[in-house]
Amino acid sequence: MVRSILAAVSVLALSACAQPAPASPQDQFFANLTALCGKSFAGAVVVGDPERDASFANQTLVMEVRECSDTEIRIPFHVGEDRSRTWVITRTDTGLRLKHDHRHEDGSEDVLTQYGGDTANEGSAVRQEFPADQHSKDLFTAQDIAVSAQNVWAVEVTPEAYFAYELTRPERHFRVEFNLREPVDAPPPPWGAETAAN
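This section reports on the structure supplied with the text. As the structure is a computational prediction, the values presented were derived from the model and not from experiment.

## Comments concerning the state of the cysteines
Part 1: All chains considered together, the criterion is met by one disulfide.
Part 2: At a sulfur-sulfur separation of 2.2 Å, the disulfide partner of Cys-37 is Cys-68. Across the S-S bond linking Cys-37 and Cys-68, the dihedral sits near 115 degrees, which makes this disulfide right-handed. Here Cys-68 lies in strand β3 (residues 67–68) and Cys-37 lies in the loop between α2 (25–34) and β1 (40–47), a separation of 31 residues in the sequence.
Part 3: In this structure Cys-68 comes out as partly exposed when scored by relative accessible area, which is 28%.

## A look at the packing of aromatic side chains
Part 1: Under the defined criterion, the tally for this structure stands at 12 aromatic pairs.
Part 2: Pairing Phe-56 with Phe-77 gives two aromatic rings, centres 6.1 Å apart and planes at 15 degrees, and the pair type is stacked. With Phe-56 in the loop between β1 and β2 (61–64) and Phe-77 in strand β4 (residues 72–79), this pair connects stretches of sequence that are 21 residues apart. As far as burial versus exposure is concerned, Phe-56 and Phe-77 are alike and both buried.
Part 3: An aromatic cluster is defined as three or more aromatic residues linked by ring pairs; in this entry it consists of Phe-56, Phe-77, Trp-87, Phe-163, Tyr-165, Phe-174 and Phe-178.
Part 4: Sitting over the face of the ring of Phe-30, Arg-91 holds its NZ or CZ atom 4.2 Å from the ring centroid.

## With respect to the pattern of salt bridges
Part 1: Under the definition given, this model contains 16 salt bridges.
Part 2: Across the pair Asp-118 and Arg-97 runs a salt bridge, and its minimum N-O distance is 2.6 Å. Residue Asp-118 is found in strand β7 (residues 115–118), and its partner Arg-97 is found in strand β6 (residues 96–102); the two are separated by 21 residues along the sequence.
Part 3: The residue Arg-175 makes a salt bridge to Glu-156 at a minimum N-O spacing of 3.0 Å. Of this pair, Arg-175 sits in strand β11 (residues 172–184) while Glu-156 sits in strand β9 (residues 152–158); the two residues are 19 residues apart in sequence, bridging distant segments of the chain. Note on accessibility: Arg-175 and Glu-156 belong to one class, buried.

## Thoughts on the pairing of β1
Part 1: Two strands pair when backbone bridges link them, and β1 and β2 are joined in this way by four bridges, in the antiparallel orientation. For Ala-42, the partnering residue across the bridge sits in β2 and is Val-62.
Part 2: Taken together, the six bridges between β1 and β11 define a ladder with antiparallel strand orientation. The residue of β11 that forms the bridge with Val-45 is Val-176.

## Quick notes on α2
Part 1: Those residues of α2 lying buried are Pro-25, Gln-26, Phe-29, Phe-30 and Leu-33. Summarising the axial view, the buried residues of α2 lie within an arc of 135 degrees, below the 170-degree limit, and thus occupy one face.
Part 2: If you follow the buried residues of α2, they end up packed against β4, β5 (82–91), β6, β8 (127–131), β9 and β10 (162–169).

## A closer look at the pairing of β4
Part 1: When you tally the buried positions in β4, you get seven out of eight residues, the bulk of the element.
Part 2: Bridge analysis of β2 against β4 gives three bridges, and the strand direction is antiparallel. Bridging across to β4, Val-62 finds its partner in His-78.
Part 3: Where β3 lies against β4, two bridges are found, and the strand directions are antiparallel. Note on β4: the bridge partner recorded for Cys-68 is Ile-73.
Part 4: Two successive antiparallel strands, β3 and β4, enclose a turn made up of three residues.
Part 5: Of the strand pairs in this sheet, β4 and β5 are connected by seven bridges, and their pairing is antiparallel.

Reading the values: the criteria
- Residues numbered from 1 in each chain as written.
- Predicted model: local features only at pLDDT ≥ 70, side-chain atom pairs only at ≥ 80, totals over all residues.
- Heavy atoms only, no water.
- Disulfide = S-S within 2.5 Å.
- Helix = DSSP H or I, 4+ residues; strand = E, 2+ residues; numbered from the N terminus.
- Buried < 20%, exposed > 50% of the residue type's maximum accessible area, 1.4 Å probe, protein only.
- Phe/Tyr/Trp six-rings, centres within 6.5 Å; stacked < 30°, edge-to-face > 60°.
- Lys NZ or Arg CZ within 6 Å of the ring centre and 35° of its normal.
- Salt bridge = Lys/Arg side-chain N within 4 Å of Asp/Glu carboxyl O.
- Pairing = 2+ DSSP bridges.
- Arc of directions from axis to C-beta.
- Contact = heavy atoms within 4.5 Å.

This is the structure:
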């Protein structure tokens, strides 16, 4: 009798140990984004400055979750015929990282590229925020745009609703949203895509 009870307790203990740990908010966020891989969506600026963001006015805005792995997701952002921008979200040992990969038509990097930041907390399954890292602050200062050192970027993925990219800092708020309910045709590869992959 005692042996049977001990055996049952052991089985229950082993079963409890075998249960997978619940996914963290960042794991869920990464999974939500990965589920969009290979799809493209049209969007629009929903918050912006008429002068600073004039280059986005009357342009077709399209994002595509183009390349996905277990550790990195690349998201080209097309502004009309301009294919210079790619958002790159990467897993790190401490969270998630967002970088902006800006390139010229010949594939070479723009002088203002590879800026972004790491998450400072777990965020949520639908929203992650990325304060500017030291590399970005140094780059902005070198390019005489030190005000951007206060940047905080955010990416939101609400399944079957919208994807959003957002930039905030004091006296600055830019946000573009993409409709996930209506995929569109895939745009051309971003400029320098082959170079970036090598």
